[in-house]
Amino acid sequence: MYTAADDKQVTVLSLDLSAAFDTVDHEVLLQRLQSEFGVTDTPLSSLRSYLESRTQFVRLGQHQSPAVGLDVGVPQGSVLGPLLFAVYCSLAADVIVSHGVQFHQYADDIQLRLAMSSDNTSDGLSVLATCTAEVRQWYLQNGLQLNPDKSEALVNGTAN
């Protein structure tokens, strides 16, 4: 972003996911850990055990709902949660970089960055729109959803 400003370019940032940690498919995640990151044997079995057989319930005072099994989601507030979510979304990077767009992801926050000339932003914004549409489609195919109320674009540059 700083280099772009030095070159008198502007940078556009964007995107937010809805309830992202709650929708991670355990089997898809475990498959990606194995095929994309080479996690096998005991570490994979440990992660499978960590994810499977999880339940949740609601307690209010002395009343408690029945426990419900969870087939999807990674625990929020855990050390592993953001890492497992990043693994789950790792293949979205291929979609993003295929458009020449840079990105930064931490957990369920992702920023797309595209430097463009300040006197001709239409081409860059078109690339960003196409990239965002394809990323949105990838997320939908993987059980995730962009949050249009929190996704925003910010054009950032200098007075020059």
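It should be noted that the structure appears before, not after, this text.
A brief look at the structure comes next. (Residues numbered from 1 in each chain as written. Predicted model: local features only at pLDDT ≥ 70, side-chain atom pairs only at ≥ 80, totals over all residues. Heavy atoms only, no water.)

1. A short note on the overall build of the chain
In plain terms, the rule: A run of H or I in DSSP becomes a helix once it reaches four residues, and a run of E becomes a strand once it reaches two; helices and strands are each numbered from the N terminus. In this scheme, a residue with accessible area under 20% of its type's maximum is buried, one over 50% is exposed, and one in between is partly exposed, where area comes from a 1.4 Å probe on protein chains only. When checking whether two residues touch, look at their non-hydrogen atoms; a contact exists if any pair is within 4.5 Å. Only the protein chains shown count as cover for residues, and the accessible areas themselves come from Shrake-Rupley with a 1.4 Å probe.
When its secondary structure is counted, the chain shows six helices and eight strands. Taking all 160 residues of the chain together, 34% fall into the buried category. For the chain, long-range pairs separated by at least 24 residues make up 66% of all intrachain contacts whose partners lie at least 6 apart in sequence. Just so you have it, the chain exposes about 9,800 Å², and 50% of that area is on carbon and sulfur atoms.

2. Quick notes on the pairing of strand β7 (residues 109-117)
Stated precisely, the cut-off is as follows: Strands pair, by our definition, only if DSSP identifies at least two bridges between them.
Residues I110, L112, L114 and M116 of β7 are buried on one face, while the alternating residues D109, Q111, R113, A115 and S117, pointing to the opposite face, are not. Direction of pairing for strand β6 (residues 102-106) relative to β7: antiparallel, over a ladder of five bridges. For H104, the partnering residue across the bridge sits in β7 and is Q111. Hairpin connection of β6 to β7: two residues between the antiparallel strands, including A107 at a positive phi of 55 degrees.

3. Concerning the nonpolar core
Cut-off, in case you're wondering: Buried residues of nine kinds, namely Ala, Val, Leu, Ile, Met, Phe, Trp, Tyr and Cys, make up a nonpolar core once their side-chain atoms join them within 4.5 Å.
Grouped together as the largest cluster of nonpolar side chains are 32 residues, with contacts concentrated most on L29, L33 and Y139. Mapped by element, the contributors of at least two residues to this core are α2 (26-37), α3 (41-51), α4 (80-89), α5 (92-97), β7 and α6 (122-141). Beyond its immediate chain neighbours, meaning those up to four positions away, L29 contacts V24, L51, V74, L84, V87 and Y88.

4. Observations concerning the side chain of N142
With respect to the helices, strands and loops of the structure, N142 is situated in the loop between α6 and β8 (154-156). Using a relative accessible area of 11% as the deciding quantity, one classes N142 as buried. Beyond its immediate sequence surroundings of up to four residues, N142 is in contact with R32 and Y88.

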